[in-house]
Every structure is written in structure tokens, then in C-alpha cells.
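One-letter residues, chain by chain:
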Amino acid sequence: MGLDFFKQETFRDDYTFRNSPEAIRRFPFPFAEDSYMYSVNMEPHVAGPKGSVFEHMFDVDEHYLSEMRDRAMVLRDDPLRCQSLPHMTLAGWDLLELIMESKARDYPDWFELHKTGNRWTWINRPMEIEQTFTFLNESTLPHGPMEYITRQTQGDFTLQDQRDNNLWIDAGMVTTQADWSLDFDIGMGFHEWHAPVPHAHQMGVFDRALKFLLKLQLGAPVRRFNWTMTVDPILDTSPETYPKWGPSKATLTLDNIGHRQHLRVELQSLHRLPRSNAIAFPIRAYLIKFEELVTMPKWARRLHRVVRDVHPDLATYKGFLRNRDLMVQYLSQFDDGKPTSPGWWPEPE
Amino acid sequence: MSNGTARIPVTVAEVLEVNELIKRFRFVRTGGGHLPTFSGGSHVVVEMNDQGTRRLNPYSLMSDPADTSSYTISVRRDDMGRGGSLFMHRQVTPGMQMQIGPPVNLFPLDLRGRKHLMIAGGIGITPFMAMTAQLDARGERFELHYAARSRALGAYMDFLETRYGDRVHLYVDEEGQAIDLAGLLSRQPIGTHLYVCGPKPMLNWVLSTARKMGWPDGAVHSEEFLGAPVGKRFQVELAAAKKTITVEGNQSLLEAIEAAGVEAPYLCRGGACGQCETDVLHCDGHIEHNDHWLTAEQKASGTKIMTCVSRFEGKRLVVDR
Ligand code: HEM
Ligand code: FES
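Residues numbered from 1 in each chain as written. Chains lettered and ligands numbered in written order. Predicted model: local features only at pLDDT ≥ 70, side-chain atom pairs only at ≥ 80, totals over all residues. Heavy atoms only, no water.

1. Some points on the interface of chain B and chain A
Next up, step 1: Contacts between the two partners involve 23 residues from chain B and, on the opposite side, 21 residues from chain A.
Next up, step 2: The tally of links between chain B and chain A comes to one salt bridge.
Next up, step 3: For the salt bridge of Arg138 of chain B with Glu138 of chain A, the shortest nitrogen-to-oxygen distance reads 3.5 Å.
Next up, step 4: At the surface where chain B touches chain A, the tally comes to four residue pairs in polar contact (both at pLDDT 80 or more). (Contact = heavy atoms within 4.5 Å. Salt bridge = Lys/Arg side-chain N within 4 Å of Asp/Glu carboxyl O. Polar contact = N/O pair within 3.5 Å; in protein donor to acceptor, adjacent residues only side chain to side chain.)

Here it is, written out as C-alpha cells:
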């Protein structure tokens, strides 16, 4: 695919973000059935069908350049969105290597990586970057290794150090988050940063997930979905900027909800890193407008049922309880009550 | 999901007799190419076909993590053991094709450490070979104290001394040299992390001294791989698989389960990682718990067994596999 594949669009001000019909078709719809509750939903992060968001380790889609521009603006206004405690530099190099090798292998037309010993040259054609540097030598890059590569990679990233039978969120690049703050969470352990989540602790979800992650193996990454709701296509819904995006929830109407309300899906994966023994946690956010989503009849029926029936504590935590009735009213127009097939893939009719 | 079933085909590139007890093996990827990058302290499980008995033994990677063109391990011959080390010593020759698992690290460096103080006894030196190479390359501060019975058995003493100079301190038991542990621990700067790997008495001595001197648990790291002990033959019923199997004296319960064609999870095969924990559904007899994983209460309750190292003696044992 040529470089004209990448769209120019905004996630702020005039909100020109849209999904092409192809992007809608490949959207990672997160519901495999008509209801939703938390669970230890992890599966091997193996290559999926061609064209799907699982085809490659790190999906690069039509929004790439626009998302990277938005990230640069967030960082300009608030540099604390990217932090790395001193002992995490090696994990940053591990992450840089993982991303560069994956992208150069999976998208050879767009990315190249050439190595002569520790002398590496990285070419990122879409972003017009060519950089020669010495692997594991911080002074040869314009930023630290994690910041350098995540300024060129869609999705948020956190790096967890593993010690004392726990994971510690000790580094991250977080500019497209669903209302949580790296600056607040940095240095916390697994249960501590998950403290605000309702029900899941009592269900044992976090105990089991942590136990599994502590044994996560090299070369055997896993993935899971998370989802929430966002009014207007805003990537940066952070606690720090709440005044900019929170009040818009009060301005939804039946007329504008199809265009302004977005389902926000996070494709999260977990990778053991080789040199640091840390765990990388990419959190890739995908946005889809309700009016785009309802073009897939199965998804429309299912989302209606999930939103209608989801536990109010979850709707409150995810921040859409006040608009739930409106969402249900809008989505019910697309639900004729017919049964839906298991699995999340679309069935255009 | 991660029950250690991934395998890397390797070829034995070199076998070296280091001394009368220790042999060193170098593996390259069969068909060429690099092996996975690893961190100092990692081990791999080496798969052996010992006259029809499948053995999977863990060995620390001792090569420089920066060089993934090959992996090296050292194996100490254990004449009383179940046979894994004897197989490595007697049967494994250059050119042989083998399988290993991907590297797993249960003894990682704490990268927050401002200084890394390492204490090794005997063959316990192997993880530190990789760790010191990694720390040295990053310009980190470390100090290694390495004790062996005799100079001849002190594999790698010369190598380490040449390479790291006064960052290495050697002690030869035969020559009456011993680590002044209390003195050493009292001299360490704030932010030092302590690592110890070696025979059990040494491990206990270092850990208890550190605790008595007020070292926080989080700054003290140890690794002890238990070889699965030999014992008497016993029978086990596998409830889920609906099979009754016999565990031979020189076989572990885990090996017997695998030999019966039943999939069972594991990582370390040395009683340390917890992965092979299995529910005991019925126990009429005595479980010989040989692991570091279960708590004393769990062991006493007789409701769990670690299949990689623990054994059974008695009338009837039923496990959930
Ligand atoms: C180690 C990597 C992980 C990191 C860094 C991470 C981080 C977070 C953060 C920051 C939140 C938001 C908490 C808040 O409201 O402040 C969250 C929510 C949550 N996490 Fe994780 N998490 C990780 C792994 C997992 C795993 C493996 C599970 C598996 C079950 C999980 C389940 C959840 C759930 C259910 C929520 C609530 C999300 C929602 O309803 O919107 N997390 N996580
Ligand atoms: S496999 Fe690690 S404790 Fe048994």
C-alpha cells in the first residue's frame, strides 16, 4: 500500500476523524456474545486473519499519521504523559527492538531496520524519519528509547517491572487513555493501580490475571480487549484535561448521538521483554462512531443488548450511565430482536 | 497456554570438560540463525531422550546475553541423581540434535539496584556468568564473591578474575578461605541488592545472615534449583485423564504424567515457579513435599502437590490431571 493510505484528520477542535468502510469492516468489535461482565479474558496474541487488526503484532492503520500528530501535541502541552523511572531504560530498549523488528518485518514498504552490529538504521517512510543510532546507547537518540519509538507507534504503552511477586508500572507513554493518569499511577503495583475498578477484585479477576502474568513467557504474548464510551472522537480523555471533554457528555441528543457517540475499544497485549525481564503493555485504542457501527447489523443488535443490560456499576465506572438510556433508545432502532451468532466478527446482511 | 511446550531445535556445537565434575555445552540453533535474547539469571529446559525416558532438566544460561549466536550451560555430574546429568555427561556429543525450551527468568536482576552483590557457591556460579556480563556491558556496579571446594573445582575462577579484576573475590574451601559474610554485608552502600545461588546450606546461611542484619526481603534474591529427587516407585491416579500411572524411582511425577501422554503445565521443573501446582483429590499416605512453592500450611493440608519435585508413599493418591 502506498503512503496515500494514511488520512489527515483531527481528534480535537473540528473532529474530522472518520473510519473508511474498510476500517469499519476490520474494527475490533469486542463482544463475542450479547452480554458483558469482567473476566480473565486473555488469549494468545497470535497472528489473525489477513486484513484484521490481529494480522500483525502492531497494527498500523489509516489513522497512523494523524494519531502521531495528536500525540506530539499532547506531549508538547504536558511532558509528564511520558515518564520512565531510571531502572526502566533497558526495558525501553527492549520495547524499541520489539517494535522496530515487528514493523520492519510486517510492513516492509513502510518501515526498514538495518543492523551492522550495534549500529542500527531505522527508516519510517510514512513519518519521513531516517535515524542511525547505537543500540543500547541512549546518547545516540533524540529521546529515551521508549519515548523515541512510541512517538512513532499508535497506542499507549506502559512498561511493568517485575519484582517481589508483583508488577510495577514504572514507565509509560500515555496520551490516548480512557480517563486514567500515568503521573498518578507510576510506581504502583498491579492491585493498587486497578483499585478503582468495580466488581473485578471480588471476582478474583486481578489475582488470577497477576498470577498468570508473572509467568508470562518470552515469545508467547497474550492479548485482551477492554472497552468504554467516548463522546466526540477524542483520543486524549485524561483526568488532567477532564474540563475539555467531560462536559460534552451533557450535550448529546437523539439527533447527534449517532455521529458524536463513539465506542472506544482497547486492544491490549502483554509481552515479556528479553533483556529487562519486564512486561510491555501496549494499549491500542480504536474509535468507531455509533452511526458507523450500526452499518453492521449484528454489531448493532448486540451493542444495543450489551449497553441495555450492562451492570450499572460498570456503566458508572466507564462514565456513560447518564447517557445510557439515550444510547439504548438510539441503538434499539437497529435491533429487530433476531438472534445473533456467537463470536465478534461482523455479518453484513 | 504457557505450559512450556514451545521448543527450539538446537545442535550441540561444543562439549568441554571443565573439570572432573563439570562439563560445558554450547548450543546453536539448528539450521542457523540467532537464539532468543535473554536476561541474566534465565534458565532453559533441556530435553533428553534417555533410553526411552524423556527428561527435561533446567540449566542456567551462562553465556553473555549480548551474544545470541549460541547458548552455553554447565552441567555438574550428579552420580546419585535420576540420570539427567549423567545423560548430559555420557551421551551428549558435538553435532547431536536436541530440543530446548525458550529462556525463562526466575532469578532476575533488580535493575533498581545501585550496586549488585553476588554470592556464588560451586556450580551456582552459572547464572552470575550471564549477569556479570550484562551488568558490565551497561556499566553497572557489581561485586562477585565465589566459593568452591578446591581450585580445580572452581570452574571459571580464572576467567572471571581476568575479565573483572578486583570486582571478583575468590574463596577456596580447601585452602581455608571463607567469606566474611557479616563484614561484607555490613559494608554495602544503600541501594545494594544481594543475590545468592549455590548449595542449600550456603543459601540458608546467606539468607538468614542477611535477615538478621536487617536486609529487606525485597533486596535479597536467591535461586536454588532442586534436582527432582530419586525415591521409591509409586502409583498415582490421574482423575481427569482417567488413568493410573506408575512413577519409577528415578522419574518425577511430572515426567510420568507426560510419559502417559497427558499435558501438564510447568516452567522451572525445580520446585520454584509454582506452575505445576496440582490439586490432590484423595490422599491415603504421605506426600513428600520437596518444593519451595507451597506454604507450610498448604503442605500440611495435603491438598496440593508440585509434580516436578514431590513424591508420594502410601496406599492411594488421586490428583486432578
Ligand atoms: C500489566 C498490565 C496492565 C496495566 C498497566 C493495566 C492498567 C489498567 C489501568 C490504568 C486501568 C484503569 C484503572 C482506573 O480506573 O484508574 C485498568 C482497568 C482495568 N484493567 Fe487493567 N491493566 C493491566 C492488565 C490487566 C489485565 C491482564 C487484566 C485482566 C483481566 C486487566 C483488567 C482490567 C479491567 C477489567 C479494568 C477495568 C476497565 C473498564 O471497565 O473500563 N488489566 N487497567
Ligand atoms: S514446574 Fe516450577 S514448581 Fe514445578
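2. So, the site of ligand 1
Residues and elements named next belong to chain A.
Next up, step 1: Surveying the vicinity of ligand 1 reveals 24 residues, the closest of which are Tyr38, Trp193, His194, Tyr317 and Lys318.
Next up, step 2: Within the side chain of His194, an N or O atom sits 2.8 Å from a nitrogen atom of ligand 1.
Next up, step 3: For ligand 1, an oxygen atom lies 2.7 Å from a polar atom in the side chain of Lys318.
Next up, step 4: Put simply, the parts of the chain that give the shell around ligand 1 at least two residues each are β6 (156–163), α6 (190–193), α7 (205–214) and β8 (222–231).
Next up, step 5: Sort the elements by how many residues they give to the shell around ligand 1 and α7 lands first, with four residues.
Next up, step 6: Each residue belonging to the shell around ligand 1 can be placed in one class, and the counts come to 16 nonpolar, five polar and three charged. (Near = heavy atom within 4 Å. Helix = DSSP H or I, 4+ residues; strand = E, 2+ residues; numbered from the N terminus. Nonpolar A, V, L, I, M, F, W, Y, C, P; charged D, E, K, R; others polar.)

3. Focus: the side chain of Gln152 of chain A
All names here are of chain A.
Next up, step 1: Of note, Gln152 is situated in the loop between α4 (145–150) and β6.
Next up, step 2: For Gln152, the side chain forms a polar contact with the side chain of Tyr148, separated by 3.3 Å.
Next up, step 3: Those residues within four positions of Gln152 in sequence are excluded, and the remaining contacts are Tyr64, Met68, Lys103, Trp122, Asn124, Met127 and Ile129.

4. Quick word on the pattern of salt bridges
Between side chains of opposite charge, pairing is possible as soon as their charged atoms come close.
Next up, step 1: Inspection of every chain in the model, using the stated rule, returns 47 salt bridges over all chains.
Next up, step 2: Salt bridges linked by common partners bring Arg7, Glu47, Arg54, Glu258 and Arg269 of chain B together as one network.

5. Things to note about the pairing of strand β4 (residues 53–60) of chain B
Residue and element names in this part refer to chain B.
Next up, step 1: By the criterion of burial, β4 is predominantly enclosed, with six of the eight residues buried.
Next up, step 2: Sheet topology places strand β3 (residues 42–50) next to β4; eight bridges connect them, and they run antiparallel. Across the sheet, residue Val44 finds its bridge partner in β4, namely Tyr59.
Next up, step 3: With antiparallel pairing between neighbouring strands as the criterion, β3 and β4 make up a hairpin whose turn holds two residues, including Gln51 at a positive phi of roughly 45°. (Buried < 20%, exposed > 50% of the residue type's maximum accessible area, 1.4 Å probe, protein only. Pairing = 2+ DSSP bridges.)

6. A few points about the nonpolar core
Residue and element names in this part refer to chain A.
Next up, step 1: Ranked by size, the top nonpolar core spans 57 residues in total, and within it Trp227, Met229, Leu263 and Leu303 carry the most contacts.
Next up, step 2: The leading source of residues in this core is α7, at six residues.
Next up, step 3: For Leu303, the residues in contact, after removing those within four places along its chain, are Phe29, Phe31, Met229, Leu263, Phe290, Leu293 and Leu331.
Next up, step 4: Listed in part, the 35 residues of the second largest apolar core include Ile99, Tyr107, Phe157 and Ala280. (Core = buried A, V, L, I, M, F, W, Y, C linked by side-chain atoms within 4.5 Å.)

7. A word on the sheet that holds strand β5 (residues 129–134) of chain A
Residues and elements named next belong to chain A.
Next up, step 1: Pairing is antiparallel in the open sheet, where three strands are placed in the order β3-β4-β5. Lying at the two open borders of the sheet, with one neighbouring strand each, are β3 (111–116) and β5. With strand direction ignored, the average angle separating the axes of adjacent strands in the sheet is 10°.
Next up, step 2: By the bridge criterion, six bridges tie strand β4 (residues 119–124) to β5 in an arrangement that is antiparallel. Bridged to Ile123 within β5 is Glu130. (Axes fitted to C-alpha atoms, helices over the stretch in contact; angles between N-to-C directions.)

8. As for the domain arrangement of chain B
Often, the extent of an interface is quoted as the loss of accessible area upon association of its parts.
Residues and elements named next belong to chain B.
Next up, step 1: Domain annotation of chain B identifies domain 1 (8–104), domain 2 (115–223) and domain 3 (234–319).
Next up, step 2: Listed by partner, the interface residues are eight residues for domain 1 and nine residues for domain 3.
Next up, step 3: Note on domain 1 versus domain 3: buried area summed over both sides is about 820 Å², and carbon and sulfur give 49% of it.
Next up, step 4: Its largest share of buried area at the contact with domain 3, domain 1 owes to Arg54, Leu56 and Arg82, together 52% of the area lost on that side.
Next up, step 5: Where domain 1 touches domain 3, the interface holds two salt bridges.
Next up, step 6: Mapped by element, the contributors of at least two residues to the side of domain 1 that touches domain 3 are β3 and β4. (Domains from an automatic or database assignment. Buried area = accessible area lost by both parts, 1.4 Å probe.)

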